[in-house]
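Examining the three-dimensional arrangement
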Amino acid sequence: MAGEPAILYRGKRYPVKAGEDVLSQLLLAGADIQYLCMGGSCGTCRVTVVSGSEHVDPMDPGEHYHIPGDGPDRLACQMICRATGDVNITQRGRGEPLT
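What comes next is a walk through the structure.

To continue, consider the pairing of strand 3 (residues 46-51). Of the pairings in the sheet, the one linking strand 3 to strand 4 (residues 73-75) comprises three bridges and is antiparallel in character. Residue T48 lies in a different strand from strand 4, and its bridge partner there is D73. Pairing between strand 3 and strand 5 (residues 87-90): three bridges, direction antiparallel. In the sheet register, V49 faces strand 5, and the bridge partner there is I89.

Another point: the nonpolar core. Among the nonpolar cores identified, the biggest contains 22 residues, and I7, V22, L26 and I89 are the most heavily contacted of them. Looking at this core, the element that brings in the most residues is helix 1 (residues 22-28), giving three residues.

Another point: unusual backbone geometry. Even without glycine at this site, R10 takes up a positive phi of about 55°. Mapped onto the elements of the fold, R10 is located in the loop between strand 1 (6-9) and strand 2 (12-15). At M38, a residue that is not glycine, the phi angle is positive and equals roughly 65°. Relative to the elements of secondary structure, M38 occurs in the loop between helix 1 and strand 3. Looking at M38, the relative accessible area reads 43%, which means it is partly exposed.

Cut-offs used in this document
Residues numbered from 1 in each chain as written. Predicted model: local features only at pLDDT ≥ 70, side-chain atom pairs only at ≥ 80, totals over all residues. Heavy atoms only, no water. Pairing = 2+ DSSP bridges. Helix = DSSP H or I, 4+ residues; strand = E, 2+ residues; numbered from the N terminus. Core = buried A, V, L, I, M, F, W, Y, C linked by side-chain atoms within 4.5 Å. Buried < 20%, exposed > 50% of the residue type's maximum accessible area, 1.4 Å probe, protein only.

Next up, the structure:
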């Protein structure tokens, strides 16, 4: 982690605010991320957490509807930041391979 905690996405660092969802924070910062409903009902904002999952709240039952199991995938609109460290994410179709 270099400096203040951040969301790392597509090679850039975006400021992170505790208690806010990842999608809203990225959109406010001008990031190019796929989304549609912003409410957890469509699954379009699905991302993979490459590292830093300990810095976001656990998955809730609504997310499990779209993403069964406990893997690295999350819905950016439902993933709430704790701002205790960096969260590195990727999104399929945005020029980044999922690892």
